[in-house]
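# Report on the structure
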Amino acid sequence: MSNRFYAVLATVAVALLFVWNSAFIVSERQQALVLRFGEIQRVIQQPGLYFKMPFGFAQADNVQLLPKRLLRSDLNNLRVQVSGGAFYDVDAFMVYRIENPALFRRGVRGGQLDEAERLLLTRFDSAIRATYGRRSFTAALSDERASMMVEVRDQVRPEAQRLGIDLVDVRIGRTDLTPEISERTYERMAAERLAEAERLRAEGQVRARTLRANTDREASETVAGARRDAAVLQGQGEAERNATFAEVFSRNPQFFEFYRSMQAYRTALEGTGTTMVLSPDSEFFRYFGTDGSDIDGNLTPPRETPPATGPAAATPSSAAIGN
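Residues numbered from 1 in each chain as written. Predicted model: local features only at pLDDT ≥ 70, side-chain atom pairs only at ≥ 80, totals over all residues. Heavy atoms only, no water.

- Named according to an unreviewed UniProt entry, the chain is Protein HflC originating from Aureimonas altamirensis DSM 21988.
- Among the UniProt annotations of the chain, the heading Sequence similarities (unreviewed entry) holds the following wording: "Belongs to the band 7/mec-2 family. HflC subfamily."
- The record in UniProt for the chain states the following under Subcellular location (unreviewed entry): "Membrane". (UniProt positions renumbered as here; feature names shortened; annotations may be inferred.)

If you want it as structure tokens, here you go:
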């Protein structure tokens, strides 16, 4: 009985060993190639539990698992030259996935992912250099950048398809000027800004002079117009005043003479500290005498005064004025 037990146990162990060597699992992030003596027997792209012939070490059946997810490869600090001779430092990457595992196995030596990445990056490098080499210095920093990425992708895609790879996208992450080009660019930009500032300053000075000249002209015209209007108004006022004086004189010449004399007294005798030496019998003081008015208060013409001689006989126009 013990011999039968050991025989059954050995049979079960051998069966488990066969099952363990023949079963394999493909996850949702993987795809598999079943190889028999190096030849592709099956391509598995759906996840699940699968079986193959056991003992792959005897070259019976082997399983090669390949990634099914999106993969990314980067090119960093790639120095490229544009058509004008300037250089850029470029960072770029591409996104791809293995679309045809059987073609990938045949196109890439041993179906190694590292070898496929090396082939793609070599083609990617040359495509970037060719694309930048056909552009001017400013193209990579302008709206042409999107079309440049499409152009690079279209150049790399045939090589990827030959390897059973689907190139999903290509992106240029960074485009910087090299340090020496950056320094020269900044110097040129500074010179351009200084020239622009000088131009704007000169234009501003010209406009300032123009505005100042226009303002001075308008001010002169305004002042001249104001003076003209003032002279006209003054002339009109003087004409009206003279007309008023003429009317008053025509009505009462004696009162007019009296009024004018009072105005002259107020003007001449105002407290300005001025000393006037005049004769009491001067014509200037004709209304200060007791005979300048009658009993009824009516004004009478001034008496005739003989002409006087000597320095004391001064008139309002020839009065001696001193301090």
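## Brief notes about the overall build of the chain
- Broken down by element type, the chain carries 6 helices and 10 strands.
- Classification of the 323 residues of the chain by burial places 26% in the buried group.
- About 21700 Å² of surface is accessible on the chain, with carbon and sulfur atoms providing 56% of the total. (Helix = DSSP H or I, 4+ residues; strand = E, 2+ residues; numbered from the N terminus. Buried < 20%, exposed > 50% of the residue type's maximum accessible area, 1.4 Å probe, protein only. Areas by Shrake-Rupley, 256 points an atom, 1.4 Å probe, with all protein chains shown as cover.)

## Brief notes about the sheet that holds strand β5 (residues 61-67)
- Taken together, 3 strands build an open sheet; the order of strands is β3-β2-β5 and the sheet is antiparallel. The open sheet has two edge strands, β3 (39-44) and β5, and neither has a second partner. Averaged over all adjacent pairs, the angle separating strand axes in this sheet is 25°, with direction ignored.
- Of the strand pairs in this sheet, strand β2 (residues 30-36) and β3 are connected by 5 bridges, and their pairing is antiparallel. Each bridged residue has a counterpart across the sheet, and for Ala 32 the counterpart in β3 is Ile 44. (Pairing = 2+ DSSP bridges. Axes fitted to C-alpha atoms, helices over the stretch in contact; angles between N-to-C directions.)

## So, the sheet that holds strand β8 (residues 165-177)
- Read from one edge of the open sheet, 3 strands run β6-β7-β8, paired in antiparallel fashion. Two strands lie at the open edges of the sheet, namely β6 (71-81) and β8, each paired on one side alone. Looking at each pair of strands side by side, their axes are set apart by 20° on average, direction ignored.
- Pairing of strand β7 (residues 87-98) with β8, which is carried by 11 bridges, proceeds in the antiparallel orientation. Each bridged residue has a counterpart across the sheet, and for Val 95 the counterpart in β8 is Asp 169.

## What to know about the environment of Gln 155
- By secondary structure assignment, the location of Gln 155 is in helix α4 (residues 144-162).
- Taking the C-alpha atoms as reference points, Gln 155 and Arg 123, 32 residues apart in sequence, are found 8.1 Å from one another.
- Reaching out from Gln 155, the side chain makes a polar contact with the side chain of Thr 131 at a distance of 3.0 Å. (Polar contact = N/O pair within 3.5 Å; in protein donor to acceptor, adjacent residues only side chain to side chain.)

## Structural notes on the packing of aromatic side chains
- Taken as a whole, this structure holds 1 aromatic pair when the rule is applied.
- One Lys or Arg, Arg 72, reaches over the ring of Phe 93 and ends 3.9 Å from the middle of that ring. (Phe/Tyr/Trp six-rings, centres within 6.5 Å; stacked < 30°, edge-to-face > 60°. Lys NZ or Arg CZ within 6 Å of the ring centre and 35° of its normal.)

## Looking at the pairing of strand β1 (residues 23-26)
- By the alternation rule, side chains of β1 split into Phe 24 and Val 26, which are all buried, and Ala 23 and Ile 25, of which none is buried.
- Sheet topology note: the β1/strand β4 (residues 48-51) ladder contains 4 bridges and is antiparallel. Residue pairing in the sheet places Ala 23 in a bridge with Phe 51 of β4.

## Side note on the pattern of salt bridges
- The tally for this structure, following the rule as stated, stands at 19 salt bridges.
- Across the pair Arg 109 and Glu 115 runs a salt bridge, and its minimum N-O distance is 3.6 Å.
- Residue class for Glu 115 comes out buried when judged on its relative accessible area of 16%.
- Residue Arg 217 pairs with Glu 221 through a salt bridge whose shortest N-O separation is 3.4 Å. With Arg 217 and Glu 221 both in helix α5 (residues 179-251), this residue pair falls 4 residues apart, about one helical turn.
- Overall, the relative accessible area of 42% leaves Arg 217 in the partly exposed class.
- Taken together, the salt bridges that share partners define one network made up of Arg 134, Arg 135, Glu 144 and Glu 151. (Salt bridge = Lys/Arg side-chain N within 4 Å of Asp/Glu carboxyl O.)

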